[in-house]
Amino acid sequence: MNALSHKIIFFLFKLKLLQPSESTINFWLQSEDTDKLEYAVTQGNYKTRKLAAEALEQLAKPCSIPALLKCINDKVQNVSIACLNALERISTNDELIKTIVKKRFKWVNEIREKREKFEANKGKKHNIYRWERASKKSFDMVKERLKRPIR
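Residues numbered from 1 in each chain as written. Predicted model: local features only at pLDDT ≥ 70, side-chain atom pairs only at ≥ 80, totals over all residues. Heavy atoms only, no water.

S.K.: Looking at this model, I keep getting lost on a nonpolar patch on the surface. Mind explaining?
M.R.: A cluster of nonpolar side chains, namely Phe 11, Leu 15, Leu 17 and Leu 18, defines an oily patch on the protein surface of about 400 Å² accessible area. Inspection of the secondary structure assignment puts Phe 11 in helix α1 (residues 3-14). (Patch = residues over 30% accessible without salt bridge, like charges linked within 9 Å, V, L, I, M, F, W, Y side chains within 5 Å. Areas by Shrake-Rupley, 256 points an atom, 1.4 Å probe, with all protein chains shown as cover. Salt bridge = Lys/Arg side-chain N within 4 Å of Asp/Glu carboxyl O. Helix = DSSP H or I, 4+ residues; strand = E, 2+ residues; numbered from the N terminus.)

S.K.: Is there a simple way to think about the nonpolar core in this case?
M.R.: Generally speaking, nonpolar side chains in soluble globular proteins are found buried as a group. In this structure, Leu 37, Val 41, Leu 68, Cys 83 and Leu 87 are the most contacted members of the largest nonpolar core, which totals 27 residues. Among the elements of the structure, α1, α2 (22-30), α3 (34-43), α4 (46-59), α5 (65-70), α6 (77-90) and α7 (94-121) are those that each provide at least two residues to this core. The element contributing the most residues to this core is α6, with seven residues. With near-sequence residues (within four places) excluded, Leu 87 lies in contact with Ile 65, Leu 68, Leu 69, Ile 72, Leu 96 and Ile 100. (Core = buried A, V, L, I, M, F, W, Y, C linked by side-chain atoms within 4.5 Å. Buried < 20%, exposed > 50% of the residue type's maximum accessible area, 1.4 Å probe, protein only. Contact = heavy atoms within 4.5 Å.)

S.K.: Explain unusual backbone geometry to me, please; I cannot follow it from the model alone.
M.R.: What you tend to see is this: most non-glycine residues have negative phi, and most peptide bonds are trans. Of note, Glu 32 is a non-glycine position whose phi angle comes to about 55°, a positive value. Relative to the helices and strands, Glu 32 resides in the loop between α2 and α3. Overall, the relative accessible area of 46% leaves Glu 32 in the partly exposed class. Phi at Ala 60 is positive, roughly 55°, even though this residue is not glycine. Summarising the element assignment, Ala 60 is placed in the loop between α4 and α5.

S.K.: Any chance you could explain the packing of aromatic side chains here in plain terms?
M.R.: What characterises a pair of aromatic rings is the spacing of the ring centres plus the angle enclosed by the ring planes. The final tally for this structure, using the stated rule, is four aromatic pairs. Centroid distance Phe 10 to Trp 28: 5.6 Å. Interplanar angle 85°. Geometry classified as edge-to-face. Taken together, the residues span a long stretch of sequence, with Phe 10 in helix α1 and Trp 28 in helix α2 at a distance of 18 residues. Both residues of the pair, Phe 10 and Trp 28, belong to the buried class. Pairing Phe 10 with Tyr 39 gives two aromatic rings, centres 5.7 Å apart and planes at 75°, and the pair type is edge-to-face. With Phe 10 in helix α1 and Tyr 39 in helix α3, this pair connects stretches of sequence that are 29 residues apart. Here the basic side chain of Lys 14 rests over the ring of Tyr 39, its NZ or CZ set 5.3 Å away from the ring centre. (Phe/Tyr/Trp six-rings, centres within 6.5 Å; stacked < 30°, edge-to-face > 60°. Lys NZ or Arg CZ within 6 Å of the ring centre and 35° of its normal.)

Pasting the structure below:
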């Protein structure tokens, strides 16, 4: 693909008609087009955001720190991890590194808490039994009514 086709792809991406492919993001990486990569980090789908964050990590330009900071709390954890990795590589600021470490510890604690909660509830028996559910009762009631003769 030539540069014109990648410009068209970016235009269509801005119109939300298509997502850039991995080869397009690699082209932006090779041409060091941080503006397009930063836009992809904030506006793309989760695969595009992750690839763009990894590309920004390889570029390691400090100008892309604000865009990566916006994506630290992404709803997809893989995107957040890619942004944190990029920030760790780019940043020389101690406060930013501390923030990244806190975020990683928060994730580890959340995973531990979920695992502990799962283990705690593993052997519990629930009070609602299959034969006591409302849908089962109403089904049995309809079945009994259908057995009666019509007058």
